[in-house]
Amino acid sequence: MDFWTKFIDSAPIFLKGMLLTFELTIISILIAIFIGLFFAFLKISNIKVFEWIADIYIFLVRGTPLVVQIFIFYFGLTSLHISDFMAVVLGLAFHNGAYIAEIFRGAIQSIDKGQMEAGRSLGMTVGLTMRRIILPQASRRALPSLGNQFIIALKDSSLASFIGMYELFNVATTQGSLKYDYMSYLLIVAVYYLILVLFFSIIVGLIEKRMARTN
């Protein structure tokens, strides 16, 4: 049986795995954006305690492997009767939130300080100026890096297989074991990941172009 025959025959089960991978990535990255924004604001708050909290969080994420973080969330949260799916989602969100925090921090700090002063001179509060003037501009600047982080999160979701979630990578290793042909199914799953990465790269590119037109 040649590669493409195996690819077609295994499509139904791989598509189920791809759907789970997609769900893990989308939900975790949405939560991570809120986490990232929160810690980005702590970093730029000029309040030392808040800055230290953000620094410790970012240091913990960067200093420990993602697979360890996922296991900690899995064993910690499932003991509280939280589903395996949500435990992995929160583990991925916790991890990506640190990198997104740095993305937003850099984007916000790249906006000229005069923008804040202009908003304040118009009678806006700091929060309103941030929401209406600074964040829209920072979001445009952060978008390429956020797109890259999304793709990284997509590939990192393969670590969910370590706790038995039947996402793309687990499908590949399971099928390889059943069919005694690991190489073919690893190549098949590589194709699926490439398709997903290409798809989301195109989406991010279209969003960037649209935001550039509205700038």
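Residues numbered from 1 in each chain as written. Predicted model: local features only at pLDDT ≥ 70, side-chain atom pairs only at ≥ 80, totals over all residues. Heavy atoms only, no water.

**Overview of a nonpolar patch on the surface**
Next up, step 1: Together, Ile47, Val49, Phe50, Trp52, Ile53, Ile56, Phe59 and Leu60 line one region of the surface with nonpolar side chains, adding up to about 820 Å² of accessible area.
Next up, step 2: Within the secondary structure, Trp52 sits in helix H3 (residues 48-63).
Next up, step 3: In this structure Trp52 comes out as exposed when scored by relative accessible area, which is 52%. (Patch = residues over 30% accessible without salt bridge, like charges linked within 9 Å, V, L, I, M, F, W, Y side chains within 5 Å. Areas by Shrake-Rupley, 256 points an atom, 1.4 Å probe, with all protein chains shown as cover. Salt bridge = Lys/Arg side-chain N within 4 Å of Asp/Glu carboxyl O. Helix = DSSP H or I, 4+ residues; strand = E, 2+ residues; numbered from the N terminus. Buried < 20%, exposed > 50% of the residue type's maximum accessible area, 1.4 Å probe, protein only.)

**A closer look at the packing of aromatic side chains**
Next up, step 1: Applying the stated criterion across every chain, the model contains 15 aromatic pairs.
Next up, step 2: When the ring of Phe39 is compared with that of Tyr57, the centres are 4.1 Å apart and the planes differ by 25 degrees; the resulting orientation is stacked. One end of the pair, Phe39, is in helix H2 (residues 11-43); the other, Tyr57, is in helix H3, with 18 residues separating them in the sequence. Accessibility classification places Phe39 together with Tyr57 in one group, the buried group.
Next up, step 3: An angle of 75 degrees between the planes, with centres 5.0 Å apart, marks the rings of Tyr74 and Phe75 as edge-to-face.
Next up, step 4: Taking the relative accessible area as the measure of exposure, Phe75 reaches 53% and is therefore exposed. (Phe/Tyr/Trp six-rings, centres within 6.5 Å; stacked < 30°, edge-to-face > 60°.)

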